[in-house]
Amino acid sequence: QVQLGESGGGLVQPGGSLRLSCAASGNIFRLNDMGWYRQAPGKQRDLVASITSGGSTNYADSVKGRFTISRDNAKNTVYLQMNSLKPEDTAVYYCNANVKQTLMRVASDYWGQGTQVTVSS
């Protein structure tokens, strides 16, 4: 089994910063793409940013220039540095990882439990 442990959410004022972390643990043969999604009340879960095992990144247009995704492959951890936060960034943020557990098994997606980010004055 694979677990994703998230941390770093909280309450911040507009213009502030937060850093989210997500560590993957368990039975991991290969950790492929990792990413962050968010879901605001009454809305669907959307991709915020993703990063491949080689470090290539992809961002939603709404966060480009403000958020930075990175990963530490030695620690099986992905980070999301969020700067210049806006009230519309308020949501539950979920970590996602595509994991191959053994050489013979097909890779599967796993999700963290979510961490609340609230941007408000």
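One can find the structure itself at the top, above this paragraph.
So, here is what we can say about the structure in this document.

Remarks on the layout of surface pockets
Empty space among the atoms becomes apparent when a probe as large as a water molecule is rolled across them.
Phase 1 of the analysis: Roughly 170 Å³ of volume is contained in the largest pocket.
Phase 2 of the analysis: What lines the largest pocket is a set of 14 residues, and nearest its centre among them are Arg38, Ala40, Lys43, Asp46 and Glu88.
Phase 3 of the analysis: Going through the elements one at a time, β4 (30–39) and β5 (46–51) are the ones with two or more residues in the lining of the largest pocket.
Phase 4 of the analysis: At 3 residues, the largest contribution of residues to the lining of the largest pocket is made by β5.
Phase 5 of the analysis: Considered class by class, the residues forming the lining of the largest pocket number 6 nonpolar, 4 polar and 4 charged.

Digging into the sheet that holds strand β8 (residues 77–82)
Phase 1 of the analysis: Strand order in the open sheet formed by 4 strands is β1-β3-β8-β7, and the pairing between neighbours is antiparallel. Looking at strand neighbours, the two that pair on one side only are β1 (2–7) and β7 (67–72), the edges of this open sheet. Taking each pair of neighbouring strands and ignoring which way they run, the sheet shows an average axis angle of 15°.
Phase 2 of the analysis: Strand direction decides the pairing type here: strand β3 (residues 18–26) and β8, joined by 6 bridges, are antiparallel. Bridge pairing links Arg19 to Gln81 in β8.

Calculation rules
Residues numbered from 1 in each chain as written. Predicted model: local features only at pLDDT ≥ 70, side-chain atom pairs only at ≥ 80, totals over all residues. Heavy atoms only, no water. 1 Å grid on protein atoms, 1.4 Å probe; cavity = no way out; pocket = protein on both sides within 12 Å on 5 of 7 lines; lining within 4 Å. Points joined across faces, edges and corners; volume = space filled by probe spheres on them. Helix = DSSP H or I, 4+ residues; strand = E, 2+ residues; numbered from the N terminus. Nonpolar A, V, L, I, M, F, W, Y, C, P; charged D, E, K, R; others polar. Pairing = 2+ DSSP bridges. Axes fitted to C-alpha atoms, helices over the stretch in contact; angles between N-to-C directions.

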